[in-house]
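Fold and geometry: a report
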Amino acid sequence: MTIEKAQCRWTSLATADREDILALDAADRKWAALLPARVLMQLQALRGRDGALGMPVDRLEHSLQCATRAYRDNRSDEYVVCALVHDVGDVLAPYDHGALAACVLKPFVSERLHWMVAHHALFQGYYYFHHLGHDRFARERYRDHLWYGDAVEFCERFDQCSFDLGYASHPLEFFEPAIREVIGRHRAAPELGCTSIEAAELARLRD
Ligand SMILES: [Fe+2]
């Protein structure tokens, strides 16, 4: 059965037939396959005028420094990509940017790295919350969590120190292969949100 249609005539999911949904699924997969390019575009959106954001470097340079430090520390591609993408949520989610970045990364990285990115903003607060009258030790609520140390280490060694105008970071192009490798990995149908094993089972049932 072809999954291409000259026109999509359906007006609601309730009335779409199987052929319609297969065509939609195929289009979703093509769209998802272009995610690495869109992540790179979002990273470009972090570019800004130095100093205009109250930081010595803009958010893109901060992200590049963070990723470069992780790369030079011989971290895995997954880790380096997390370091590069961890603040990408700043564009659309300034009130919980870690959650947005973690959501983008979730299908492609370990649970440990996903948790680390999702919680990094609270852990980063150790370095400045007290200047704003907040509790710099707020991260201690996760003291007994399995990955507490990972989030502490990420902020200490890679994130909080990456605002250095004099640091020689790699350009974004340097990280493109890692982005395409990690975020370009085949995953389940994007809207299903299931594991690759579940996706294989769904594909078997569909075929
Ligand atoms: Fe950051």
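Residues numbered from 1 in each chain as written. Predicted model: local features only at pLDDT ≥ 70, side-chain atom pairs only at ≥ 80, totals over all residues.

Per the secondary structure count, the chain includes 9 helices and 0 strands. Counted from the first residue to the last, the chain has its helices and strands arranged as α-α-α-α-α-α-α-α-α. A buried classification covers 29% of the 207 residues belonging to the chain. Across the chain, every contact between residues at least 6 apart in sequence was considered, and the portion connecting residues at least 24 apart equals 54%. (Helix = DSSP H or I, 4+ residues; strand = E, 2+ residues; numbered from the N terminus. Buried ≥ 20, exposed ≤ 12 C-beta atoms within 10 Å, placed from the backbone. Contact = placed C-beta atoms within 7 Å.)

What follows concerns helix 5 (residues 97–105). For helix 5, the set of buried residues is His97, Gly98, Leu100, Ala101, Ala102 and Leu105. In this fold, the buried residues of helix 5 make contact with helix 4 (77–85) and helix 6 (111–124).

Residues of helix 2 (residues 35–44) that are buried: Pro36, Val39 and Leu43. One side of helix 2 holds all its buried residues, which, seen down the axis, span an arc of 60°. Helix 2 presents Met41 and Gln44 as exposed residues on the side facing more than 90 degrees away from its buried surface. Of the surrounding elements, those touching the buried residues of helix 2 are helix 3 (59–72), helix 4, helix 5 and helix 8 (172–182). (Arc of directions from axis to C-beta.)

What follows concerns the nonpolar core. In terms of nonpolar packing, the biggest core is built from 36 residues, with Ala67, Val80, Val81, Cys82, Ala83 and Leu84 touching the most fellow members. Looking at this core, the elements with two or more residues in it are helix 2, helix 3, helix 4, helix 5, helix 6, helix 7 (148–159) and helix 8. A total of 7 residues in this core trace back to one element, the largest contributor, which is helix 4. Not counting residues within four places of it along the chain, the set of residues in contact with Cys82 comprises Leu105, Val109, Leu113, Met116 and Val117. (Core = buried A, V, L, I, M, F, W, Y, C linked by C-beta atoms within 7 Å.)

Turning our eyes to something else, we now look at the packing of helix 6 against helix 7. Close contact between helix 6 and helix 7 brings their axes to 8 Å; oriented N to C, the two are set at 65°. Taken together, the axis directions place helix 6 and helix 7 in an arrangement best described as roughly perpendicular. For the pair helix 6 and helix 7, the sense of crossing is right-handed. Contact residues: helix 6 offers Arg112, Met116, His119, His120, Phe123 and Gln124, while helix 7 offers Asp150, Ala151, Val152, Phe154, Cys155 and Asp159. Among the residues forming the contact of helix 6 with helix 7, the class breakdown is 6 nonpolar, 3 polar and 3 charged. (Axes fitted to C-alpha atoms, helices over the stretch in contact; angles between N-to-C directions. Parallel < 35°, antiparallel > 145°, perpendicular 65-115°, else oblique. Left-handed = near helix turned anticlockwise from the far one by under 90°. Nonpolar A, V, L, I, M, F, W, Y, C, P; charged D, E, K, R; others polar.)

The next thing to look at is the packing of helix 4 against helix 6. At their nearest, the axes of helix 4 and helix 6 sit 11 Å apart, and the two run at 15° to each other. Put simply, helix 4 runs roughly parallel to helix 6. By crossing handedness, the relation of helix 4 to helix 6 is classed as right-handed. Every residue of helix 6 that contacts helix 4 at Glu78, Tyr79 and Cys82 is listed here: Leu113, Met116 and Val117. Looking at the contact of helix 4 with helix 6, its residues break down into 5 nonpolar, no polar and 1 charged.

Turning our eyes to something else, we now look at the environment of Met116. Examined against the element boundaries, Met116 turns out to sit in helix 6. Ignoring any residue separated from it by four or fewer positions in sequence, one finds Met116 in contact with Cys82, Trp147, Asp150, Ala151 and Phe154.

Below, the discussion takes up the environment of Phe158. Assignment of secondary structure puts Phe158 in helix 7. For the pair formed by Phe158 and Ser63, sequence separation is 95 residues and the distance between their alpha carbons is 9.5 Å. Setting aside anything within four residues of it in sequence, one finds Phe158 in contact with Cys66, Arg69, Ala70 and Ala83.

Let's shift gears to unusual backbone geometry. With a phi close to 60°, Asn74 is a non-glycine residue in the positive phi region. By secondary structure assignment, the location of Asn74 is in the loop between helix 3 and helix 4.

All right, on to the confidence of the model for the chain then. Residues of the chain with pLDDT of at least 70 account for 85%, and the chain-wide mean is 88. Low confidence marks residues 194–198, where pLDDT is under 50. Its contacts with residues over four positions away, or in another chain, come to 6 contacts. (pLDDT = per-residue confidence, 0-100.)

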